[in-house]
Amino acid sequence: MSPEPPRILLVDSYDSFTYNLAALCRQAIPNCYVHIIKNDAIELKDLLSHLPYFSGVVVGPGPGSPNIPEDIGLVKDLWKIDDVHLLPVFGVCLGLQSLALEYGANLRRLSVVKHGHVSAVEHTGTDIFKGVGPVDAVRYHSLHVELSGAKNIEELASTHDEENGRVVMALRHRTRPFWAVQYHPESVLTRGGGIEVVLNFWRLARTWSSSRGRVTRPWDQKADAIFGIPWPYVRPLPNTPPINTPLSASTIKLSIPGLSAPEICEVLGVDDDSSPFVMLESAAHPGQFTIIGCLTSTSLRITYTIGDSFVHLANGESGRSLVVQSEIPFWGGLIGYLSYELGTDSLRVSAKGVCSRTRHPDVNLVFVERSIILDSTSGHIYIQSIMEDDDEWLTEIAEQLHSAARNYSTYSSYNTTSYSTKARPNTSTVILPDRDLYRSRINLAKEYLFAGESYELCLTANTRITLNDPLAPKASSTYSPSWQRYKHLRELNPAPHAAYLRLHPTTLLASSPERFLSYTRPPETTYKLCPVKGTIRKGPRVTRAVAEQALRGSQKEVAENLMIVDLIRHDMHGAVGENVEVKQFCTVEECKTVWQLVSVIEGQSADDADETASHYASGALGWEVLRRSLPPGSMTGAPKKRSVEILQTLEDEERNVYSGVFGYWCAGGGGDWSVTIRSCFKYDDRYECDAHSWTEFNNPDFYPGVHEPEQWVIGAGGAITALSDPDAEWDEMLAKLQSVLRVFGAAVPRGH
């Protein structure tokens, strides 16, 4: 009988890099099984009898302090295991600090914290560094240990900071099989001290176990019931009944030069303010495809509100599969948004004051069966339908578009008036965040960073605009104020990931520069996340060289980007398994109005999980990647769960639509979602919140007869790090706010 593969117990202290460490273990320890438990999932007295199942324990990093029991959990007890149950343990960051403190070291704050910084590490060349050359290691810590007075602890590596002096980077226990590093071996930028050190740990662990005759216990059902399935574990696909008659998409391909996306929308009736309408627009490079949904009174609406135990469906039909070949990314499917709080709820961080009766939808999607796609690269327009026997509609729309191109003045006769979106004097109110309060929150955020609670916190605040002009044109079947504002937004702030989503009661105008998650159709699905951290506005003197220096040359900008890259790798590993790769790190990309620092992380399911019965699954794993990745790490910080909890104490209001994502899921299995930033949204409670009221939305006579003020919300903020300057962060927040506030003809007052 062949020996069982080694099993590693990985203790997770609610960190956002845990799966990266699990992947590193799998690389260094051939064929090993990694079982992950939370540090508060079991007490040591209950764990002891199960330790013989494992070849070793890895203690991962985490937020907080080793002095706080709630932060460290069972980790503090691992170092006190009796000799009967003793086994090799390898600690990372918080793990090193806990080990050192247990044997008499002192815990200190760094004078200057190191979050996302790379340092040269000097080591002994022995023990876990045997055969290891130069080490450049990524550090995420604000606390460190001083070993004076520590018993039986031997330092193995250190680094020297100009600001902090000498800092311990690795150590071991002299008589027990315990090793630890302060830096993060699993980070994408750690060189020399990553897999090499874990390989040495595994070599030393096997040698120690062999010298003491320690043999692991065979795995059994009892262990399985306690520790579950090892990572990587890909959630099984839903059971979808076979569909005997797959549905095909019908497509007409047109070439109509000069016909823009807004013009097509107006042909389709976007100016009817009561009707639902959706467009995902690539309004600037490098965006390519614009998707316009052609909704009908039978289009399926899906809404969900946190706190509900059910999902609202309206006007739905039974499921059908889709078999179609096309070079375009969207054939038909769901378009809409997911709120920020939907993501925090999935982290088991409850939203403030949840009451489903008064909340607006956290999920608001519509199923699009008819659509028009514009390809800005080829200039082609695709009219398509996944409805059966819909050729008549295809032909009718093609004729309308041709006619619009020939006689656009006829089709725009009701739009010949150039409606201004600027509010008349004394008819609007803009409530900005309080400057002193926001700056004080930045200082509070930095205190959390200094205390080791987080590496980065994305602090935001809402600006509220109330428009109350009785003389302004009213919403009607021929005029939509929100559509006019979107057209103005796309002119002022053209973006590759723009959107006009009118899904009552919510209307969203977005001009996002940041794609969040995209995934191709199966088979061989690739999942791609593209975090943007670091932006500089274009100007006459801002050349590429200037942008490169300001972004790639900035330690702060690169550190922010690195933290989010490592966080996203963790999220992706958790969904697809081991096959995750950073394809691009901190590349300066040129957009129409800005230069930005972009990284690209890609993943694929190692065992083609999404391809099993992909004919029916329709990209189920894509939804799982999305679920695990929300809320966007670029809008929270890391570690994500603790950062979200802290941000709830620093922000007075929920973010709602802002900081969530918008985009589509294609019925063919692909998807594309963007981060909801550089956006504004409103809720119109004249329309029912319940998706079952869909027919009311489509009633052309449904327009309230009295004047109602419009109330819009703009969210803006920035990533707070230990290097953040409160005044600079305030100015950055205002700059982001101003990019959308101008749509209302408003500006941030001078000196604010």
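Bear in mind the structure is a predicted one, so any value in this text is a computation, not a measurement.

## Observations concerning the overall build of the protein
Each helix and strand in the protein was counted, giving 20 helices and 32 strands. Long-range contacts, defined here as pairs at least 24 residues apart, represent 77% of the contacts in the protein between residues at least 6 apart. Counting every atom, the protein has about 29800 Å² of accessible surface; 48% of that belongs to carbon and sulfur.

## A short note on the packing of aromatic side chains
All chains considered together, the criterion is met by 21 aromatic pairs. Ring geometry for F90 versus F201: centroids 5.2 Å apart, planes at 35°, classification tilted. Of this pair, F90 sits in strand β4 (residues 89-92) while F201 is found in helix α6 (residues 195-211), placing the two residues 111 residues apart along the sequence. Classification of F90 by relative accessible area gives buried; the value is 1%. The exposure class of F201 is buried, given its relative accessible area of 2%. Taking the ring centre of W595 as reference, the NZ or CZ of K538 above it sits at 5.6 Å.

## Details of the pairing of strand β8 (residues 165-173)
Within β8, seven of the nine residues are buried, leaving the element largely enclosed by the surrounding structure. As paired elements, strand β7 (residues 153-161) and β8 share eight bridges and run antiparallel to each other. Residue I153 lies in a different strand from β8, and its bridge partner there is H173. In this antiparallel pair of consecutive strands, β7 and β8, the connection spans three residues. In this sheet, strand β9 (residues 178-181) lies alongside β8 in antiparallel orientation, the contact comprising three bridges.

## Brief notes about helix α20 (residues 726-741)
Its 16 residues place the ends of α20 22 Å apart at the C-alpha level, agreeing with the 22 Å of an ideal helix rising 1.5 Å per residue. Residues of α20 that are buried include every one of P726, E729, W730, M733, L734, L737, Q738, S739, V740 and L741, and no others.

## Describing the sheet that holds strand β1 (residues 7-12)
One open sheet accounts for nine strands, arranged β2-β1-β3-β4-β9-β8-β7-β5-β6; its pairing is mixed. In this open sheet, the two edge strands, each paired with only one partner strand, are β2 (33-38) and β6 (135-146). Taking each pair of neighbouring strands and ignoring which way they run, the sheet shows an average axis angle of 30°. When β1 meets β2, the two strands line up parallel, connected through six bridges. Note on β2: the bridge partner recorded for I8 is V34. Against the sheet, helix α1 (residues 18-28) engages β1, β2, β3 (56-59) and β4, with an angle of about 155° to β2. Along the sheet, helix α15 (residues 555-576) contacts β5 (106-123) and β6; its crossing angle with β5, the most-contacted strand, is approximately 90°.

## Remarks on the confidence of the model for the protein
Taken as a whole, the protein shows an average pLDDT of 88; of its residues, 88% reach a score of 70 or greater. The model gives residues 316-323 a pLDDT under 50, and that stretch makes 24 contacts with residues more than four places away or in other chains. Within the model, pLDDT remains below 50 along residues 409-418, and this stretch shows nine contacts once partners closer than five positions in the same chain are excluded.

## Quick notes on the pairing of strand β30 (residues 671-675)
Among the five residues in β30, five count as buried, and that is most of the element. In β30, alternate side chains face the same way, and those of G671, W673 and V675 on one face and D672 and S674 on the other are all buried. Two strands pair when backbone bridges link them, and strand β23 (residues 515-519) and β30 are joined in this way by four bridges, in the antiparallel orientation. Its bridge partner being in β30, S518 is matched across the sheet by D672. Note: strand β29 (residues 661-666) against β30, five bridges, orientation antiparallel. Note that in β30 the partner of V661 across the bridge is V675. In this antiparallel pair of consecutive strands, β29 and β30, the connection spans four residues, and G669 shows a positive phi of 115°.

## Considering unusual backbone geometry
Residue P232 is reached from W231 by a cis peptide bond, and omega for that bond is 5°. One can find P232 in the loop between α7 (221-227) and β10 (250-255). In the segment running from H285 into P286, the intervening peptide bond is cis, with an omega of 5°. For P286, the position within the fold is in the loop between β11 (277-281) and β12 (289-293). At C586, a position not held by glycine, the phi torsion is positive, near 50°. For C586, the position within the fold is in strand β26 (residues 580-590). Classification of C586 as buried rests on a relative accessible area of 1%. One non-glycine residue, N656, lies in the positive phi region at around 60°. Relative to the helices and strands, N656 is located in the loop between α18 (640-650) and β29.

## Some points on the side chain of R678
With respect to the helices and strands, R678 occurs in the loop between β30 and β31 (679-683). Here R678 occupies a buried position and makes no salt bridge, while the nearest side chain of opposite charge, E732, is found at 6.6 Å. Sequence-distant contacts of R678, that is, excluding residues within four places in its chain, are made with N493, L509, A510, S511, P513, K736, S739 and V740.

## So, the pattern of salt bridges
If charged atoms from side chains of opposite charge come close, those side chains can pair. Following the criterion strictly, the structure yields 43 salt bridges and no others. Here E154 and R172 are joined by a salt bridge, their closest N and O atoms 2.9 Å apart. One end of the pair, E154, is in strand β7; the other, R172, is in strand β8, and 18 residues separate them in sequence. According to the relative accessible area criterion, E154 is partly exposed, its value standing at 21%. Through salt bridges that share partners, D71, E453, K641, R642 and E645 make up one connected network.

Reading the values: rules and limits
- All chains use their own residue numbering, which begins from 1 and follows the written sequence.
- Where local features are concerned, this predicted model is filtered to residues with pLDDT of at least 70; where side-chain atom pairs are given and counted, the filter is 80 or more; whole-chain, interface and lining totals use all residues.
- No hydrogens and no water enter the side-chain calculation; it runs on all heavy atoms of the structure.
- Put simply, DSSP marks the helices as runs of H or I at least four residues long and the strands as runs of E at least two long, and each gets a number from the N terminus on.
- Any two residues whose heavy atoms approach within 4.5 Å are treated as being in contact.
- To be clear on the numbers: accessible area is Shrake-Rupley with a 1.4 Å probe, and residue cover counts the displayed protein chains and nothing else.
- Between 30 and 60 degrees the pair is tilted, below 30 it is stacked and above 60 it is edge-to-face, where a pair is any two Phe, Tyr or Trp rings, Trp via its six-membered ring, whose centres lie within 6.5 Å.
- Accessible area is worked out with a 1.4 Å probe on protein chains only. A residue is then buried under 20% of its type maximum, exposed over 50%, and partly exposed in between.
- A ring has a charge above it when a Lys NZ or an Arg CZ is no more than 6 Å from the ring centre and no more than 35 degrees off the ring normal.
- Paired strands, in this sense, are two strands between which DSSP finds at least two bridges.
- Here a helix's expected span is defined as the number of its residues, less one, multiplied by 1.5 Å.
- Fitting a line to C-alpha atoms yields each axis, with helices limited to the stretch in contact; the angle taken between N-to-C directions then spans 0 to 180 degrees.
- As a per-residue measure, pLDDT tells how confident the predictor is, with possible values from 0 to 100.
- In this count, Lys and Arg are taken as positive residues and Asp and Glu as negative ones, while His and the chain termini are left out.
- The rule for a salt bridge is simple: a side-chain nitrogen of Lys or Arg has to be within 4 Å of a carboxyl oxygen of Asp or Glu.

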